[in-house]
Amino acid sequence: MTQLPYAIDAETPLNPAELSVLRAQYEKEGDMVGVQTKFNYAWGLVKSNTRPDQHLGVMLLSEIFRTSPERRRECLYYLALGNYKLGNYGEARKYNDLLLDKEPANMQAADLQALIDDKVAKEGLMGVAIISGVAVAAGVIGGVLLRNLGRKR
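What comes next is a walk through the structure. Note that the structure is a prediction, hence the values are computed from the model and not measured.

Another point: the overall build of the chain. The helix and strand tally for the chain stands at 6 helices and 0 strands. Each helix and strand of the chain, placed in order from N terminus to C terminus, yields the pattern α-α-α-α-α-α. Looking at the chain as a whole, 35% of its 153 residues qualify as buried. Across the chain, the fraction of contacts at a sequence separation of at least 24, relative to all contacts at a separation of at least 6, is 53%. Carbon and sulfur atoms form 61% of the exposed surface of the chain, whose accessible area is close to 9,300 Å².

The biggest cluster of nonpolar side chains holds 32 residues, and the ones touching the most others in it are L61, C75, L79, L81, Y84 and L112. Listing elements by their share of this core, those giving two or more residues are helix 1 (16-29), helix 2 (35-47), helix 3 (51-67), helix 4 (72-86), helix 5 (89-102) and helix 6 (107-152). In terms of residues, this core owes the most to one element, helix 4, which gives 9 residues.

So, how was this worked out
- Residues numbered from 1 in each chain as written.
- Predicted model: local features only at pLDDT ≥ 70, side-chain atom pairs only at ≥ 80, totals over all residues.
- Heavy atoms only, no water.
- Helix = DSSP H or I, 4+ residues; strand = E, 2+ residues; numbered from the N terminus.
- Buried < 20%, exposed > 50% of the residue type's maximum accessible area, 1.4 Å probe, protein only.
- Contact = heavy atoms within 4.5 Å.
- Areas by Shrake-Rupley, 256 points an atom, 1.4 Å probe, with all protein chains shown as cover.
- Core = buried A, V, L, I, M, F, W, Y, C linked by side-chain atoms within 4.5 Å.

Structure, rendered in C-alpha cells:
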C-alpha cells in the first residue's frame, strides 16, 4: 500500500459488481452513449487490476479528451493514472504535468507524480543493471573467443 494517501486510486480497483454496473450502463446506451457514462466506465476500467481493462479505459478517456474539450481537465488525472498502471510512464508524466500546470495544488496529481518518478527511477536502475550485465557477459565471451583464437595460431 502506498504511503501517498492522495494516490489511493492507483491501488484500489472497483469490485466486479461495481464495474459490471458501469459496463451495463455503457452497453445499454450503445451508439448514443453519453460522455458522462463513457467517463464513468473508463474511470472504473482504469482503476482495474487487469491490463486489458486499463487499456480500454485509457482508450475511452483519450476519445473523451479529443472530442469533448470541456471534459479535458477531468480526464487528465485518469489518463495519467491509466498510463502509469500500464507502464507508459512518459505518457503518464505528460498528462500529469498538464494537470499540475492547471492545478499546482492538486494533491492527487502531486502524489501520482511521486509514484511515476519512483517507478522511473527503479526501472532506470534495473535497466542500467541489465545493460551492465550484458556488457560483462559480452566481455567474458569476447575474452574467451580471443583466447581461443590465440591458441589456434
